[in-house]
Amino acid sequence: MIPRICILIISLYLFAGISSQSNEHDATIRTMEEFSGYQIHEPSFHDSSSSSLSVDTETLQSQIDELSTFSDTPAPSVTRILYSEKDVQARGFVKKLMNISGLSVREDAVGNIFGRWVGSEPELAPVSTGSHIDAIPYSGKYDGVVGVLGAIEAVNVLKRSGFKPKRSLEVIMFTSEEPTRFGISCLGSRLLAGSEELAQLLKRTVDGQNISFSDAANLAGYTNSDDFSSIFLEKGSYSAFIELHIEQGPILEEEAISIGVVTAIAAPASIKVDFEGNGGHAGAGLMPKRNDAGLAATELALAVEKHVLESGSIDTVGTVGILELHPGAINSIPSKAHLEIDTRDIDEHRRDLVIEKIHQSALSISKARNVELSEFKIVNQDPPALSEELITKATESACQELNLPYKKMISRAYHDSLFMARISPMGMIFIPCYKGYSHKPEEFAAQQDIANGVRVLALTLAKLSVS
Ligand SMILES: [Zn+2]
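We now turn to the structure provided with this report. (Residues numbered from 1 in each chain as written. Predicted model: local features only at pLDDT ≥ 70, side-chain atom pairs only at ≥ 80, totals over all residues.)

### Considering the overall build of the protein
Counting its secondary structure elements, the protein contains 14 helices and 17 strands. Partitioning the intrachain contacts of the protein with sequence separation of at least 6 by distance along the chain shows that 77% fall at a separation of at least 24. (Helix = DSSP H or I, 4+ residues; strand = E, 2+ residues; numbered from the N terminus. Contact = placed C-beta atoms within 7 Å.)

### Quick look at helix α5 (residues 145-161)
Here α5 spans 24 Å end to end across 17 residues, near enough to the 24 Å set by a 1.5 Å rise per residue. G162, located one to two residues past α5, shows a positive phi value of around 90 degrees. (Expected span 1.5 Å × (residues − 1).)

### Digging into the pairing of strand β9 (residues 267-276)
Burial analysis of β9 places eight of its ten residues in the buried class, which makes it a mostly covered element. Judged from the ten bridges that link them, β9 and strand β13 (residues 336-345) form a sheet pairing that is antiparallel. When the bridges of β13 are listed, I271 appears paired with I341. Judged from the eight bridges that link them, β9 and strand β14 (residues 372-381) form a sheet pairing that is antiparallel. (Buried ≥ 20, exposed ≤ 12 C-beta atoms within 10 Å, placed from the backbone. Pairing = 2+ DSSP bridges.)

### Considering the nonpolar core
Judged by nonpolar contacts, the single largest core of 92 residues is most densely connected at V146, A154, V155, I429, L457, A458 and L461. Filtering out sequence-adjacent residues up to four positions away, A154 remains in contact with V454, L457, A458 and L461. If you look at the next biggest cluster of nonpolar residues, it comprises 19 residues, including V273, A337, L339 and I365. (Core = buried A, V, L, I, M, F, W, Y, C linked by C-beta atoms within 7 Å.)

### Description of the sheet that holds β13
An order of β11-β13-β9-β14 is seen for the four strands of this open sheet, with the pairing classed as antiparallel. Unpaired on one side and paired on the other, β11 (317-326) and β14 mark the two borders of the sheet. Across the sheet, the mean angle separating the axes of adjacent strands is 15 degrees when strand polarity is ignored. (Axes fitted to C-alpha atoms, helices over the stretch in contact; angles between N-to-C directions.)

### Examining the packing of helix α10 (residues 293-310) against helix α11 (residues 348-368)
Helix-helix packing: each pair is described by the crossing angle between the helix axes and the interaxial distance. One way to put it is that α10 packs onto α11 with a least axis distance of 9 Å and a crossing angle of 150 degrees. Taken together, the axes of α10 and α11 lie roughly antiparallel to each other. Relative to α11, α10 is oriented so that their crossing is right-handed. Contacts between α10 and α11 involve A296, E299, L300, A303, V304, H307 and V308 from the former and V354, K357, I358, S361, A362, I365 and S366 from the latter. (Parallel < 35°, antiparallel > 145°, perpendicular 65-115°, else oblique. Left-handed = near helix turned anticlockwise from the far one by under 90°.)

### Considerations on the packing of helix α12 (residues 389-401) against helix α14 (residues 447-466)
Taken N-terminus to C-terminus, the directions of α12 and α14 make an angle of 125 degrees; their axes are 9 Å apart at the nearest point. When the axes of α12 and α14 are compared, the pair comes out oblique. α12 and α14 meet at a crossing whose hand is right-handed. Counting all contacts with α12, which are made through I391, A394, T395, A398, C399 and E401, the residues of α14 involved are V456, L459, T460, K463 and L464. The residue makeup of the contact of α12 with α14, split by class, is seven nonpolar, two polar and two charged. (Nonpolar A, V, L, I, M, F, W, Y, C, P; charged D, E, K, R; others polar.)

### Some words on the environment of D382
Looking at where D382 falls in the secondary structure, it is placed in the loop between β14 and β15 (385-386). D382 gets classed as buried once you count the C-beta atoms within 10 Å, which come to 20. Residues D382 and S270, spaced 112 residues apart in sequence, show a C-alpha to C-alpha distance of 9.3 Å. Ignoring sequence-local partners within four residues, the contact set of D382 consists of A267, P268 and L418.

### Considerations on the environment of E396
You can see E396 is positioned in helix α12. Every residue in contact with E396, bar those within four places of it in the chain, is listed here: V261 and Y406.

### Describing unusual backbone geometry
The amide bond that connects A75 to the next residue, P76, takes the cis arrangement and shows omega of 5 degrees. Mapped onto the fold, P76 is located in the loop between α3 (57-68) and β1 (78-80). Of note, the bond from H326 into P327 is cis; its omega dihedral lies within 30 degrees of zero at 5 degrees. Among the secondary structure elements, P327 is positioned in the loop between β11 and β12 (332-333). Phi at N403 is positive, roughly 60 degrees, even though this residue is not glycine. Secondary-structure assignment places N403 in the loop between α12 and β16 (406-411).

### Overview of the environment of K272
Inspection of the secondary structure puts K272 in strand β9. K272 sits 50 residues away from I322 along the chain, and the two C-alpha atoms are 9.3 Å apart. Contact partners of K272, with chain neighbours within four places excluded, come to E340, E375, K377 and V379.

### Observations regarding the pairing of strand β17 (residues 426-431)
Here β17 lies mainly inside the structure; six of its six residues are buried. On β17, burial covers both faces: M426, M428 and F430 on one face and G427, I429 and I431 on the other are all buried. Pairing geometry for strand β7 (residues 240-246) and β17, over six bridges, is parallel. Each residue of the ladder has a partner; that of F241, found in β17, is M426.

The following block contains the structure:
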C-alpha cells in the first residue's frame, strides 16, 4: 500500500505539472477528495504551489488595512474601544464583508456578530470560528482581526473551491475581548458561554466616565433590555469552535514554523492584596519598631516568584504587575501597600496550589512584620481549557495535506476560545507574528503567514463540517 504522504506528494505533483490530461486530472481530484474528505468540484490548476484552496491574499490584506483605519489614534497604531464611534463603524465593515460572502448575519444584544453559511443539513450543530476586532489603546491591526477577516476569507476560499458544507459554518465576531472600557475581558464570549454572574454584573457596570454598560450599548444601537441572559448559548450549540490568531509570542517565527496547533489555553487568576502598617517618619522611626507595609508587599512579590518556580513547570507563571505604596514619599515609611498579582497555568490544580501558597505567605509575612493583611481577594479564577482532540487532529491533517510545517503548543495568553470551550469542543490555530509583538503598533504578520493560516482554517472547517 502506498503511504498517504506519497499519495499527497504525487497528487501535488500532478496539480503542479499537469493540466491537460483529463484522466489523470480526475484521478488527482479523486485523490484529493479522498484526502481532504470532501468533494472538490473545480480545482484551480493555475497556482502550482497550492491545491484548490487559494486565498485572495491581496484583498484580505487590504481589508485588514481598511479595518485598521477605524481607529481613535493615528496609524500605525490602532485604538478601537467597545461601542465607540470607530467600533460601530468597524462592526459595519465586518457585517458588510459577511454579506458580500453570502453569509446570513445576525447580532445579539451586546453585539456579538454571527455570519452563517447554511449547510446541507442545517439541523446539525454548526461548526463555528471567529475572534475579536476591538483593540486596546495604541495597539496593532492583527490581534483578533486575523481570526475574523481571515475566517470570512476561509469561507470565500471554500466557496471558490466549490465546497458545500454539511454542517452549517458560522463566523463569529465577539464583542469586547479586551477589558479596556468596562474592565471585563472576553465579555461577548463569556456571555455566550452562559455566565450568569456576568449577566448580573453588567446591570451595574459603568465605564471610567460613569456611563453604564446598558447606555453605552444603547448608544451603539444594541439592546434596550437588561436581560443579558438572553444571549446565552446552550452547550452543544456548536459541534466545534476554532479560532485563528497570531501567536503573540516568538516561538513560531524563531523556529520558522508556519502553524501552531494549540493544545491548551492557560487561564489567569488575579489577586488583589493590601497590607497596612503604621507608617511614620523615615528618619525618626526606629528600625526595630517599624511595621513597613511596603516591605511586606515586596517580600510577597518575591514569594510569588518562589511559589511559581516551585511548580517545576515552565507553564506556570506569576507576575506582580502593580505595586503601589502609600503615601509614596521618599521620607515616609509606607503605611499602605497594594499589589495585584496575575498567575496562570494550563493546569488548574497547579495554579490553584500557587494561589494557596501565595495566601499562606501573605498571612505569615503580615504576622512576621506586624502589618495587617487588610485584603486578600481572588478577583477571578477562570479554569484553563484543553483543545478537543477531534479538532487538533483535523488541524494537523490539514497542515499535512497543505504541506505546512506545524507544531503543537499551548496558548499562554487567553482568548475568546477559553470561554467557547465551556459550550463547545474548541481548538485554536496560531500563525507567526513579527518578534512575537502584540498590543503595540509594531505588531505584524506577513501576508504569506496569514494566507497559510486561512488555508489551514478553511480545510479544518471543511473537515469538521462533514464529520
Ligand atoms: Zn486577541
